[in-house]
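Single-letter residue listing:
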Amino acid sequence: MSGLVEEIQRDALNAGVPVTTILRKVKVAAAKLNLGAVEGWVEHELNGYPNNDLPPYRKLRGRPQAFNPYNGWIPIILSSDEQNEALAAVNLRQSLPSVEDLIAKSSAGFAEMHLPPSVIRSLNQGSDVELGRMSVHLSTTQLQGVVEAVRNAILDWALSLEKAGIKGEGFSFDTTERTKALTGSITYNINSIGSFNGIMGAENTAGDIVARPNDVEQILELTKQIWSSLPELGKAGAETPLLVEALNAIELEGKKPSPERTRLRSLLLDARQAMVGAAGNLTAEGALSLLSAGIKLLG
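Residues numbered from 1 in each chain as written. Predicted model: local features only at pLDDT ≥ 70, side-chain atom pairs only at ≥ 80, totals over all residues. Heavy atoms only, no water.

Student: A description of the pairing of strand E2 (residues 63-68) should follow, citing residues and the corresponding values.
Tutor: Pairing of E2 with strand E6 (residues 134-139) involves 4 bridges; the strand directions are antiparallel. In the sheet register, Gln65 faces E6, and the bridge partner there is Ser135. As paired strands, E2 and strand E3 (residues 72-75) are joined by 4 bridges and run antiparallel to one another. Its bridge partner lying in E3, Phe67 is registered against Trp73. (Pairing = 2+ DSSP bridges. Helix = DSSP H or I, 4+ residues; strand = E, 2+ residues; numbered from the N terminus.)

Student: Can you break down the packing of aromatic side chains residue by residue, with the values?
Tutor: Remark: the centre distance and the inter-plane angle together describe each pair of aromatic rings, the angle taken between the planes. The tally for this structure, following the rule as stated, stands at 2 aromatic pairs. Relative to Trp73, the ring of Phe67 lies with its centre 5.3 Å away and its plane at 70 degrees, an arrangement referred to as edge-to-face. Judged by relative accessible area, Phe67 falls into the partly exposed class, the value being 28%. For the ring pair Trp73 and Phe110, a centre distance of 6.5 Å and an interplane angle of 90 degrees mean the geometry is edge-to-face. Taken together, the positions of Trp73 in strand E3 and Phe110 in strand E5 (residues 110-114) put the pair 37 residues apart, joining distant regions of the chain. On the basis of relative accessibility, which here comes to 24%, the residue Trp73 falls in the partly exposed class. The ring centre of Phe67 lies 5.0 Å from the NZ or CZ of Arg133, which sits over that ring. (Phe/Tyr/Trp six-rings, centres within 6.5 Å; stacked < 30°, edge-to-face > 60°. Buried < 20%, exposed > 50% of the residue type's maximum accessible area, 1.4 Å probe, protein only. Lys NZ or Arg CZ within 6 Å of the ring centre and 35° of its normal.)

Student: Describe in detail the sheet that holds E3, supporting the description with residues and values.
Tutor: What links the strands of a sheet is backbone hydrogen bonding, and the strands pair in either a parallel or an antiparallel sense. Strands sit in the order E3-E2-E6-E5 across an open sheet of 4 strands; the sheet is antiparallel. The open sheet has two edge strands with one neighbour each: E3 and E5. Shown here is a sheet whose adjacent strand axes are inclined to one another by a mean of 45 degrees, direction ignored. (Axes fitted to C-alpha atoms, helices over the stretch in contact; angles between N-to-C directions.)

Student: Go over the packing of helix H2 (residues 19-33) against helix H5 (residues 96-105) with me, naming the residues and quoting the values.
Tutor: Their axes nearest at 9 Å, the elements H2 and H5 cross at an angle of 165 degrees. The orientation of H2 with respect to H5, classified from their angle, is roughly antiparallel. Once H2 is placed against H5, the crossing between them reads as right-handed. Each of Val19, Thr20 and Leu23 in H2 lies in contact with H5, whose residues at this interface are Leu96, Pro97 and Glu100. Among the residues making up the contact of H2 with H5, the classes are represented as 4 nonpolar, 1 polar and 1 charged. (Parallel < 35°, antiparallel > 145°, perpendicular 65-115°, else oblique. Left-handed = near helix turned anticlockwise from the far one by under 90°. Contact = heavy atoms within 4.5 Å. Nonpolar A, V, L, I, M, F, W, Y, C, P; charged D, E, K, R; others polar.)

Student: Please set out the packing of helix H11 (residues 240-254) against helix H12 (residues 261-274) residue by residue, giving values where relevant.
Tutor: Across the interface, H11 lies against H12 with an axial gap of 8 Å and an inter-helix angle of 160 degrees. What the angle tells us is that H11 and H12 run roughly antiparallel. Seen from above, H11 lies across H12 with left-handed handedness. Residue-level contacts link Leu242, Leu243, Ala246, Ala249, Ile250, Glu253 and Gly254 of H11 to Arg263, Leu264, Leu267, Leu268, Asp270, Ala271 and Ala274 of H12.

Written out as structure tokens, the structure reads:
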């Protein structure tokens, strides 16, 4: 009998299996292995990201358009590049089932992300003709890219579990496999979803000044993984000098007798900022997920 991890891999490789279906299997595996970080990611993908930080693959740039009853859709062009960039930015917070539904129902090759009424009123000020329907258009190709990013992340995660000796039998995992997942002795691939152990941050207190030894150990392991992928991150658009500076500073702080939690967190934020230009690259998305998990770990 094949295990759940192998089944997830097989489904991830089959374009005919909806990613939403695969996510539910990931949820089962993560729950049985007590991988809280992975469970949280799956919950957000299945139910949306109402108030949470978005993964880089969900930060998109569309085409702002207004509907003219006589001429159809016309582009919205503002007076400055900064304003145009801000208007075109889309934080895709919808659940993945909703995204898949948008793709399926789109007959025009794009989906409308409706602008709020307050923005529409502001854009209509000073115009001879007020237009009531304005939105940012995302192509179905962009939306499909989000779905495929999730599919790829799932596959990378499942492959990393298998490499770590965590395969399962049917829908069950034995004691050894569950222990491997919980102890943090297994470090998953940088492209994985949940790179820290399942009880990440369970006892973290935001008011702690000195980082706990176990937290520091995981942060240092995180930097080691990012170091190993530095060449690829640089090619993908990361600001290598700034990233190297941040990683060196993290290691220096982490090796102190009493590392400061706030200092480590600030340096992780610096490292994450240095990789913004690489967003969209699969390895970069994995590295950004690692850093976000480290930031969350430190409170």
